[in-house]
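If you want the building blocks of each chain, they are given just below.
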Amino acid sequence: MTFSLPNDWNDTLSPELYQPYMQKLRQFLEEERQEYTIYPPEEDLFSAFKFTSYQNVKVLILGQDPYHGEGQAHGLSFSVRPGVRLPPSLRNMMKELEHDLGYPPITNGNLEAWAHQGVLLLNAVMTVRAGKANSHKNKGWEKFTDAIIRTVNEKKERVVFVLWGNYAQKKKQWIDTSRHTVIQSVHPSPLSARGGFFNSRPYSAINRALLEGGREEIDWRLDEKHVWFH
């Protein structure tokens with residue numbers, strides 16, 4: 001048994017999916033789900049790959065691990081389901097979006113509209129036990145998501161990698177910065193945002209890099225007219 005990924009990711013990551021550590025990770029998750037509530041729900045585990053195919057990746061925004069509160073995580077880094085109160089980091093992302101591009105404040109924290117445009121919203125660790133941040137670290141996810149970063153790095157077209165905070169910036173080693181663009185700052189968490197996330201204008205910087213690479217920019221708006229429903 002192995003994981004099955006949506007779109008063209010299965011073919012792209014085929015060698016990785018059959019590695020022994022992936023079998024161990026699957027067994028670990030099966031045991032965890034028998035005893036604990038795990039986020040995101042199993043059906044949402046690979047949502048990032050469902051909404052953003054490998055072929056369409058233009059931007060990769062790397063998170064650390066999923067939200068661990070009830071009803072928040074749905075498989076996209078930083079994103080929450082419609083109607084869910086914005087967690088602090090996401091609230092700061094929205095504040096900076098307003099400052100950067102002038103879009104008015106919103107209460108919608110569902111980022112699927114970004115994902116459909118080619119923004120891969122990837123968490124380095126893709127699952128978490130309810131109420132326990134970082135509870136699934138060092139179980140194999142990091143090897144898998146490092147492989148995803150390396151695979152995205154192999155794309156010929158320019159990709160913009162967004163690395164917020166020290167944890168994400170360690171992944172820069174997998175990125176060829178002569179071909180791709182890295183945008184980095186402190187994390188949008190309230191603990192660090194005032195130390196350099198605010199006023200960093202990441203959204204306009206991403207679009208500039210895409211346009212310079214001959215790629216279409218992202219429409220970052222998340223108001224009612226620009227939200228994907230399915």
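Residues numbered from 1 in each chain as written. Predicted model: local features only at pLDDT ≥ 70, side-chain atom pairs only at ≥ 80, totals over all residues. Heavy atoms only, no water.

The name given to the chain in an unreviewed UniProt entry is Uracil-DNA glycosylase, and the organism recorded there is Marininema mesophilum. In its Sequence similarities (unreviewed entry) section, UniProt records this for the chain: "Belongs to the uracil-DNA glycosylase (UDG) superfamily. UNG family." Taken verbatim from the UniProt record of the chain, the Catalytic activity (unreviewed entry) comment is "Hydrolyzes single-stranded DNA or mismatched double-stranded DNA and polynucleotides, releasing free uracil." (UniProt positions renumbered as here; feature names shortened; annotations may be inferred.)

Here we come to the layout of surface pockets. In this structure, the largest pocket occupies an estimated 540 Å³ of space. Considering the residues around the largest pocket, the lining is formed by 30 residues, among which Gln-64, Asp-65, Tyr-67, Ser-89 and His-187 are closest to the centre. For the lining of the largest pocket, the element with the most residues is helix 8 (residues 165-169), which contributes 4 residues. Among the residues forming the lining of the largest pocket, the class breakdown is 12 nonpolar, 16 polar and 2 charged. By volume, the second largest pocket is sized at about 230 Å³. Looking at the second largest pocket, it is lined by 13 residues, and the ones nearest its centre are Phe-3, Arg-26, Glu-42, Leu-45 and Phe-46. Elements that contribute at least two residues to the lining of the second largest pocket include exactly helix 3 (20-35) and helix 4 (47-51). (1 Å grid on protein atoms, 1.4 Å probe; cavity = no way out; pocket = protein on both sides within 12 Å on 5 of 7 lines; lining within 4 Å. Points joined across faces, edges and corners; volume = space filled by probe spheres on them. Helix = DSSP H or I, 4+ residues; strand = E, 2+ residues; numbered from the N terminus. Nonpolar A, V, L, I, M, F, W, Y, C, P; charged D, E, K, R; others polar.)

UniProt records the feature "domain: Uracil-DNA glycosylase-like" (unreviewed entry) for residues 50-210 in the present numbering. Annotated as residues 50-210, this span is 29% helix and 14% strand, and its ends, taken at the C-alpha atoms, are 22 Å apart.

The next subject is the pattern of salt bridges. Counting across every chain of the model gives 9 salt bridges. For Arg-201, the salt bridge identified is with Asp-100, shortest N-O distance 3.8 Å. One end of the pair, Arg-201, is in the loop between strand 6 (181-185) and helix 9 (202-212); the other, Asp-100, is in helix 5 (residues 88-101), with 101 residues separating them in the sequence. Given the relative accessible area of 34%, Arg-201 is considered partly exposed. Between Asp-219 and Arg-221 there is a salt bridge, with the nearest N and O atoms lying 2.8 Å from each other. (Salt bridge = Lys/Arg side-chain N within 4 Å of Asp/Glu carboxyl O. Buried < 20%, exposed > 50% of the residue type's maximum accessible area, 1.4 Å probe, protein only.)

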